[in-house]
Amino acid sequence: MSDLVQITYDDAEKLWAELGPVPDDLLARAAFDRTLRWAMGLEDEGLYFRPGGWTVDLPATVARLACAAAILAAGFQIAGLEDLDREVIIATAGLVSAMNVRPVRLTAGERLLLDRIRDAGLSEMPLAPKRARKALPHRVRDRVTREEVQEALERLVAAGVADRHGTGEYVVRGSGDDAWLRVTLD
Amino acid sequence: MLPVVTEPRHVAGRYQWFGWTVPATAGGDVTTRRLVETHEYFHRQLDDTTAFGGLTTTIAALAEADPDGRWPSLRDRLQAMSDLVHETFAVGTSLLTTQRALAPVDGYPLYDRYVDVARRVVGDDVHPWVALAALRAAATACMQSDALRVALAVDLTELEAGHVDRLARPNHRLVALLAGGFTDVVDGEQQRAAANHGTEAWWLGSERVSLTPESMDGHARDLSQALHLRLLDAASSILKSAGAVVTVDDGHHEDLRELLERARALAPDGLARIGALVEQPGGELLHGGALDSQTIPLTAAPLRATVLPYGSVSGFSGQGDARHGFVSVVRPQRIALSYELQGVPLPDAPAVAALRTTVFEGEERDSVLFVLASDHEQVARDADGVPVYVSVTSSAAAAAPELTATWMRAADRRRLSLVMDTPATAALRRWCAGEDARFRTSTRRVAVEDMDVWIIAGRVEQGEGRSALVVIPTTEFGARWFEAATAEDPLLGRAVQVDENLFEEETPHLDVVLNHLLLEEHVTGTGSWLR
């Protein structure tokens, strides 16, 4: 077997710290752990009290698949889809592991746009880039084009805090209603 | 694949619905061994005393009876709905009852998260007396859902995980409890308890004892029970406010009986589960204790075994004065699962009798020899004055009562033993039910090679009659559990008579039985019949 990578329980902690929802979600974390163990072949019947952590050598593709499945299981749990078969999660993960899954980090400018739209009571309604631009403070508005605002709105969609609405319009989600994880194709 | 990083001084345990497995390996840290086994015991207690646990273990019994069917998957789904509650409860209560702080355990990093959840349930800086009652109340409220009722509402063969709605799932209920302010209720009880009992000796404890035995005895025990009930009420109210159903006390027993009836009908060869419900139909539901649940892997026996027909070789053991015959009556599956076998096939029968001995290669124990024996008179004739010991496992006695009775009747009672590999508590209660029956017993720790096993040995005596020597292999935890059960159970309290001379009285017999047991078998314990 070639191209082995080593994954430890510590790596799983880091993966969760990087990709897990904030604040921590007990049920999502339980789904993450359960699925990761199963996908890596660590799962056995019953409940254990085991010393130490775990270390597994896996082909890189399998490791990638297992991590994707674990993150997906956590996402499905949050979305209320906890009864999905593990096989479905793995199959979906097979697709997703060919993509890059990572949280989109907003820039200060994008965060400002989001906050201003929400503060102006413009969330949860269709919004064109032109209207969104008007929500920005004067000193900022003068320095950005409508196209740049549209790009920023696209980033808000990628970050899970807004959704596209028809052609050219966006709906910014209300505070606390963020999609925890949005998978994007690079 | 080497999945688990283990340090030698640490110990692992495993719980699997019917019981738990703990190693007999000596060495290591005795307090950690206690922690591990206490942890597994609390898993069992939670399953045995609650509605959701009853559903999961019943489906687990069906999975055992029909491993290729739909049941293993459903069992795993149900476990996944309650694993957070199970681990939080088992981690928290085992820490508190083994005099540890509710804090991460050195060497067990995978459980840090459950320690954290337990602390979220009970809050920081809570006295262990309050924390224990709070964890028990929270876990009970989470597990006492209407899941059994849901299972009974459909044909059992069509039951799916999706039938159990979110608020009947223990993990979801735990989240609802935390969101509903249960921790604040615990904090209120902590303040009240500290004000009322803060100066009492049982509360203050000492440097090494945070949860004193006195805090679980007499008046303090009554107070603890009252505290538990108040917290359970509070937890139930929070869950009901969130729209959940909470089953009160033992209100789920009737549903559990009904579910077991339906499950039995689906398992043509019966359910593997041996519990009080199966043994005492319609009777009280008792949850299984340490002497009903343990599987203890042994490490000294050879891996290989040879099965030969009677007469092909001797099958006797030892030399000179130590020469003896050891007839073992067991289920053939136990032999098949324990060794790499060679020789003739094992008989297709519920139980088999064989002269058993160890074959040496120089000083090394090379393999175990089974010489099949069907005629006890022939064995007695061939013994030619050499003592013959007969050792019957309780699972063989249950599987083949006639065969075992034949060997037991013919054996010299002084050299006859019954080694318990099935639940022992209900059996002891049954044997001692007669007014004048008593179980004369003693308990000893036996250290052999790298193993540390505790042996409860005794004979049931009634009038002039006395039973075979009953041998219950267990652990330190099991021995303590038996002591506590004897003190708390009126029937056992009356019948059990500790006789410190028993081991000396039975020395030659126990030497033979325990040497064969500990050096020739791979697994022992009252839950080991499943192996």
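Our subject is the structure listed above.
Described below are features of the structure shown in this document.

**Structural notes on the sheet that holds strand β5 (residues 162–165) of chain A**
Residue and element names in this part refer to chain A. On the basis of which strands lie adjacent, the open sheet formed by three strands has the order β4-β6-β5 and antiparallel pairing. Two strands lie at the open edges of the sheet, namely β4 (126–127) and β5, each paired on one side alone. Judged from the four bridges that link them, β5 and strand β6 (residues 169–172) form a sheet pairing that is antiparallel. Bridge pairing in β6 links D163 to V171.

**Observations concerning the environment of B:V122**
Tracing the chain through its elements places B:V122 in helix α4 (residues 112–122). Between the C-alpha atom of B:V122 and that of B:A433, which follows or precedes it by 311 residues, the distance is 43 Å.

**A look at the packing of helix α2 (residues 51–65) of chain B against helix α3 (residues 71–97) of chain B**
All names here are of chain B. Close contact between α2 and α3 brings their axes to 8 Å; oriented N to C, the two are set at 155 degrees. Relative to α3, α2 is oriented roughly antiparallel. Note on packing geometry: the crossing formed by α2 with α3 is left-handed. Along the contact surface, α2 presents F52, L55, T56, I59, A60, L62 and A63, while α3 presents W71, P72, L74, R75, L78, Q79, M81 and S82. Split into classes, the residues belonging to the contact of α2 with α3 amount to eleven nonpolar, three polar and one charged.

**Overview of the pairing of strand β10 (residues 416–419) of chain B**
Residues and elements named next belong to chain B. Alternating positions in β10 separate into two faces, L416 and L418 on one and S417 and V419 on the other, with burial throughout. Of the pairings in the sheet, the one linking strand β9 (residues 388–393) to β10 comprises four bridges and is parallel in character. Among the inter-strand pairings, T393 is bridged to a residue of β10, identified as V419. Pairing of β10 with strand β14 (residues 469–474), which is carried by three bridges, proceeds in the parallel orientation. Paired with S417 across the strands is L469, a residue of β14.

**Notes on the side chain of B:T56**
Here B:T56 shows up in helix α2. Setting aside its immediate chain neighbours within four residues, B:T56 contacts B:W17, B:R75, B:L78 and B:Q79.

**Some points on the packing of helix α2 (residues 26–39) of chain A against helix α7 (residues 170–179) of chain B**
Relative orientation of the contacting elements α2(A) and α7(B) amounts to 150 degrees, with a least axis distance of 10 Å. In terms of their interaxial angle, α2(A) and α7(B) are classed as roughly antiparallel. Contact with α2(A), carried on its side by A:L26, A:L27 and A:R34, involves B:N171, B:H172, B:V175 and B:L178 of α7(B) and no other residues of that element. Class assignment of the residues belonging to the contact of α2(A) with α7(B) gives a composition of four nonpolar, two polar and one charged.

**Details of the sheet that holds strand β16 (residues 523–524) of chain B**
Strand order in the open sheet formed by five strands is β2(A)-β1(B)-β2(B)-β3(B)-β16(B), with mixed pairing between adjacent strands. Each edge of the open sheet is held by one strand with a lone partner, namely β2 (47–49) of chain A together with β16 of chain B. Inspection of the sheet shows strand β1 (residues 13–15) of chain B paired to strand β2 (residues 20–21) of chain B by two bridges, in the antiparallel sense. Among the inter-strand pairings, B:R14 is bridged to a residue of β2(B), identified as B:T21. Running over the sheet, helix α1 (residues 30–48) of chain B touches β2 of chain A together with β1, β2 and β3 (294–297) of chain B and is turned about 155 degrees from β2(A).

**Topic: the nonpolar core**
Residue and element names in this part refer to chain B. Membership of the largest hydrophobic core comes to 125 residues, with the highest contact counts inside it found for L55, I59, F182, V327 and F439. Broken down by element, this core gets its largest block of residues, 13 residues, from helix α5 (residues 128–143). Sequence-distant contacts of V327, defined by excluding residues within four places in its chain, comprise A353, A354, L355, V379, V388, Y389, V390, S391 and W407. Formed by 24 residues, the second largest nonpolar core is a distinct cluster that contains F326, L502, L518 and L519.

**Comments concerning the side chain of B:T358**
Residues and elements named next belong to chain B. With respect to the secondary-structure elements, T358 resides in strand β7 (residues 352–361). Note on T358: relative accessible area 14%, which makes it buried. Only 2.7 Å separates the side chain of T358 from the side chain of E520, close enough to count as a polar contact. Residue contacts for T358: discarding those within four places in its chain leaves R365, S367 and E520.

Scoring rules and cut-offs
- Residues numbered from 1 in each chain as written.
- Chains lettered and ligands numbered in written order.
- Predicted model: local features only at pLDDT ≥ 70, side-chain atom pairs only at ≥ 80, totals over all residues.
- Heavy atoms only, no water.
- Pairing = 2+ DSSP bridges.
- Helix = DSSP H or I, 4+ residues; strand = E, 2+ residues; numbered from the N terminus.
- Axes fitted to C-alpha atoms, helices over the stretch in contact; angles between N-to-C directions.
- Parallel < 35°, antiparallel > 145°, perpendicular 65-115°, else oblique.
- Left-handed = near helix turned anticlockwise from the far one by under 90°.
- Contact = heavy atoms within 4.5 Å.
- Nonpolar A, V, L, I, M, F, W, Y, C, P; charged D, E, K, R; others polar.
- Buried < 20%, exposed > 50% of the residue type's maximum accessible area, 1.4 Å probe, protein only.
- Core = buried A, V, L, I, M, F, W, Y, C linked by side-chain atoms within 4.5 Å.
- Polar contact = N/O pair within 3.5 Å; in protein donor to acceptor, adjacent residues only side chain to side chain.

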